[in-house]
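One letter stands for each residue in the lines below.
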Amino acid sequence: MNSNEGQKSVKIERVTMSKKICILGLGYIGMPTAAMFASNGYEIVGVDVNETVVNQLNKGEITIEEPYLGDLVKQVVSEKRLRASVTPEEADVFIIAVPTPIMDDKSADMTYVESATRMIVPYLKKGDTIILESTSPPGTVEKLMCPILETSGFDLHEDLYVAHSPERVIPGKILIELVENNRIVGGINEASSRKVMHLYESFVKGEIYLTDATTAEMCKLMENTFRDVNISLANELAIICEQMGINAWDVIEFANKHPRVFIHQPGPGVGGHCLAVDPWFIVEKFPEDTKIIRLARETNDLMPMHVFKRLKGILGTLRNKTVTVLGITYKPDIDDLRESPILQLVELLEEIEGITLKLVDPYVSEYRHLTEDVQDALTDTDMIILGVNHHEFSELDFADVKVPVLDTRNFLSKESREQLGDNYYLIGKGRQL
Ligand SMILES: NC(=O)c1ccc[n+]([C@@H]2O[C@H](COP(=O)([O-])OP(=O)(O)OC[C@H]3O[C@@H](n4cnc5c(N)ncnc54)[C@H](O)[C@@H]3O)[C@@H](O)[C@H]2O)c1
């Protein structure tokens, strides 16, 4: 394991293995984390304010879609190593994995972190460890959590261990990445960093890097900001190439042959609760000094409108037309709709007079305009948009499709493109001027 030089003078005698962990927030992050610790020898109490989540978990059932998680949860619940409750209880470690969304004005909604921190205060005892896993604005541990934890009467530097360890797993591969990813641990002091590192060492096979809490918070935010800014660059290129009558995907492919160039891929916008949200946490703190970050967010947020304008350009008018949208989640092969740019496109389409929408998504069971009749959606329509590249769509047969298809992901096969001929349109590719 790695640690930075300054942290080597830590008093190792304070480090002992912890036995009982209380995890607050049993969503995409908290639930797999709870199951992972439980399957590695810890007694876990999962806490959630949502009673349905708690009741389901106590029956050994999960409320999110994630490969292999259902089996693991069933096993650790049946072995009585994981149970759930609506209230915290005494434990050796408290892990907070509650939501950190943005509000309409793009400022961080920290009420969940604040209330979860307050909830654990009555249960703290000397020697306990508190870890924030939620992605948070820089300074959250030091300025928001520490003052609340101090109301327990404990001296944070003498009696407790406090750290931020941001989660960087990707839905769909959470159980693999929890183990294999590198992890950052930022403590309020060296003892906290080391204590928390030893806890994660029980299952993490990646490197664990130690730093301070605010640096750890900033690392997580900049990872997502880096990607968001680079996607916005690709989206800008896509818009320019469409106007020039060339293909941005070719530009990217050839430019990326350069050993030090890695242009990202354009698309219909950036969704999810991370990339579309986290950069705003930095902008909020430093509005005058985050011009690039803000512009990237705004550029990506405008992409659903750009797709909408392309549709209008292709069909002339959308009034009284039928439009099929393939895929509405924020990325392929998952059921997560949070901040999905395709849903923003759907909302723009819904405003058109007389329009009929047919949405197809194998991962979503409930949403307005959803249809399971794929054949009808492909043939009885005026226009098809490939919104999300779910792997199931690679098997679609476009032989009978006689209407324009707009591919927002550069996803359709060579064969499908040939079948569609002049009816195939691609985001980022203009027609020759
Ligand atoms: N989902 C991801 O892929 C991902 C990846 C990396 C980081 N994160 C971050 O992890 C954090 C959690 O995200 P998530 O996707 O697991 O959220 P989620 O919405 O799936 O789950 C959060 C859970 O917390 C519960 N909750 C809210 N307030 C609570 C409280 N006071 N006490 C106990 N439970 C409470 C909610 O009922 C919900 O079940 C966020 O900060 C997110 O940005 C998420």
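So, how was this worked out
- Each chain has its residues counted from 1, following the order in which its sequence is written.
- With the structure being a predicted model, the display of local features is reserved for residues of pLDDT at least 70 and the display and counting of side-chain atom pairs for 80 or more, all residues being used for whole-chain, interface and lining totals.
- Excluded from the side-chain calculations are hydrogens and water; all other atoms, namely the structure's heavy atoms, are used.
- Two strands pair if DSSP finds at least two bridges between them.
- A run of H or I in DSSP becomes a helix once it reaches four residues, and a run of E becomes a strand once it reaches two; helices and strands are each numbered from the N terminus.
- Axis lines are fitted to C-alpha atoms, over the contacting stretch for helices. Their N-to-C directions set the angle, which ranges from 0 to 180 degrees.
- Contacts between residues were defined by any pair of non-hydrogen atoms, one from each residue, lying within 4.5 Å.
- Each angle is binned into one of four classes, with values under 35 degrees roughly parallel, values over 145 roughly antiparallel, values of 65 to 115 roughly perpendicular, and all other values oblique.
- Ten residues, namely Ala, Val, Leu, Ile, Met, Phe, Trp, Tyr, Cys and Pro, are considered nonpolar, four, namely Asp, Glu, Lys and Arg, are considered charged, and the remaining ones, Gly among them, are considered polar.
- Think of it this way: one heavy atom of a residue within 4 Å of a molecule or strand is enough to make that residue near it.
- Counted as a polar contact is a pair of N or O atoms within 3.5 Å, where, for protein atoms, one must be capable of donating a hydrogen and the other of accepting one, and residues adjacent in sequence contribute only when both atoms are in side chains.
- Note on areas: Shrake-Rupley, 1.4 Å probe, and residue coverage restricted to the protein chains presented here.
- Each residue's exposure class comes from its accessible area (1.4 Å probe, protein chains only) as a fraction of the maximum for that residue type: buried when under 20%, exposed when over 50%, partly exposed otherwise.
- Two rings from Phe, Tyr or Trp (for Trp, the six-membered ring) form a pair when their centres are within 6.5 Å of each other. A pair whose planes differ by under 30 degrees is stacked, one over 60 is edge-to-face, and the rest are tilted.
- Criterion for a charge above a ring: Lys NZ or Arg CZ within 6 Å of the ring centre, and within 35 degrees of the ring normal.
- To define a nonpolar core, start from buried Ala, Val, Leu, Ile, Met, Phe, Trp, Tyr and Cys residues and group those joined through side-chain atoms within 4.5 Å.

Draft legend 1. Quick peek at the sheet that holds strand S3 (residues 82-85). The sheet built from eight strands is open, its strands ordered S3-S2-S1-S4-S5-S6-S7-S8 with mixed pairing. Sheet topology places S3 and strand S8 (208-212) at the edges, where each strand pairs with a single neighbour. Strand-to-strand twist in this sheet, taken as the mean axis angle between neighbours without regard to direction, amounts to 25°. Pairing of strand S1 (residues 20-24) with strand S2 (residues 43-47) involves five bridges; the strand directions are parallel. Paired with Ile23 across the two strands is Gly46, which belongs to S2. Against the sheet, helix H4 (residues 111-120) contacts S1, S2, strand S4 (93-96) and strand S5 (129-132), and its axis sits at roughly 165° relative to S4.

Draft legend 2. Quick peek at the packing of helix H5 (residues 140-150) against helix H8 (residues 213-244). Here H5 crosses H8 at 120°, and the two axes come no closer than 8 Å. Judged by the angle between their axes, H5 and H8 are oblique. Listed contacts from H8 to Thr140, Val141 and Glu142 of H5 are Ala213, Thr214 and Glu217. Looking at the contact of H5 with H8, its residues break down into two nonpolar, two polar and two charged.

Draft legend 3. Here's a closer look at the sheet that holds strand S9 (residues 322-326). On the basis of which strands lie adjacent, the open sheet formed by five strands has the order S10-S9-S11-S12-S13 and parallel pairing. In the strand order of this sheet, the two ends are held by strand S10 (356-360) and strand S13 (424-426), each with one partner. For this sheet the average axis-to-axis angle between neighbouring strands, irrespective of direction, equals 20°. Pairing analysis gives four bridges linking S9 to strand S11 (residues 383-386), with the strands arranged parallel. Counted as the bridge partner of Val325 is Ile385 from S11. Seen against the sheet, helix H12 (residues 303-315) touches S11, strand S12 (405-407) and S13 and runs at an angle of roughly 150° to S11.

Draft legend 4. Representation of the site of the ligand. What surrounds the ligand is a group of 26 residues, the closest being Ile29, Asp48, Thr100, Thr135 and His273. Within the contact set of the ligand, an oxygen atom lies 2.6 Å away from a side-chain nitrogen or oxygen of Asp48. Contact with the protein chains removes 90% of the 840 Å² of surface that the ligand exposes when unbound. Considering each element in turn, the shell around the ligand owes the most residues, four residues, to H4.

Draft legend 5. Seen up close, the pairing of S11. Burial of S11 is two-sided: the residues Met383 and Ile385 facing one way and the residues Ile384 and Leu386 facing the other way are all buried. Taken together, the three bridges between S11 and S12 define a ladder with parallel strand orientation. Paired with Leu386 across the bridge in S12 is Asp407.

Draft legend 6. Region of the structure containing the packing of aromatic side chains. For the structure shown, the criterion picks out four aromatic pairs. Ring centres of Phe37 and Tyr42 lie 5.4 Å apart, and the angle between their planes is 90°; on these two criteria the pair is classed as edge-to-face. For Phe37, a relative accessible area of 0% gives the class buried. For Tyr42, a relative accessible area of 3% puts it in the buried group. Aromatic pair Phe37 and Tyr200: ring centres 5.9 Å apart, planes at 45°, arrangement tilted. Pair noted here: Phe37 is in helix H1 (residues 30-38) and Tyr200 is in helix H7 (residues 190-200), with a separation of 163 residues, a long-range link. For Tyr200, a relative accessible area of 0% puts it in the buried group. Among the aromatic side chains, those forming a connected cluster through ring pairs are Phe37, Tyr42, Tyr200 and Phe203. When the ring centre of Tyr200 is taken as origin, the NZ or CZ atom of Arg183, which lies over that ring, is 4.0 Å away.

Draft legend 7. Region of the structure containing the environment of Asp159. Summarising the element assignment, Asp159 is placed in the loop between H5 and strand S6 (161-164). For Asp159, a relative accessible area of 14% translates into the label buried. On a C-alpha basis, the gap between Asp159 and Gly127 in space is 5.4 Å, while along the polypeptide they are 32 residues apart.

Draft legend 8. Local environment of the nonpolar core. Ranked by internal contacts, the top residues of the largest apolar core, which has 41 residues, are Ile21, Phe37, Ile44, Leu82, Ile95, Tyr200 and Phe203. Ranked by the residues each element gives to this core, the list is headed by H1, at six residues. Those residues in contact with Ile95 that sit more than four places away from it in its chain are Ile21, Cys22, Ile23, Leu24, Phe37, Ile131, Glu133 and Tyr200. With 35 residues, the next largest nonpolar core counts Met110, Leu124, Ile188 and Leu221 among its residues.

Draft legend 9. Summary view of helix H10 (residues 278-285). With six of eight residues buried, H10 lies mostly within the body of the structure. What H10 keeps buried is the set Asp278, Pro279, Trp280, Phe281, Ile282 and Val283. On the buried face of H10, the contacting elements are H8 and helix H11 (291-301).

Draft legend 10. Highlighting the side chain of Asp128. Tracing the backbone through its elements, the reader meets Asp128 in the loop between H4 and S5. A relative accessible area of 1% places Asp128 in the buried class. Looking at Asp128, its side chain comes within polar contact range of the side chain of Lys125, at 2.9 Å. In this structure, Asp128 is in contact with Ala91, Asp92, Phe94, Tyr123, Asp159, Leu160 and Tyr161, ignoring residues within four places of it in sequence.

Draft legend 11. Molecular detail of unusual backbone geometry. Positive phi, close to 70°, is recorded for Tyr68, a residue that is not glycine. With respect to the helices and strands, the residue Tyr68 is situated in the loop between helix H2 (51-58) and helix H3 (69-78). Accessibility expressed as a relative area gives 62% for Tyr68, which makes it exposed.

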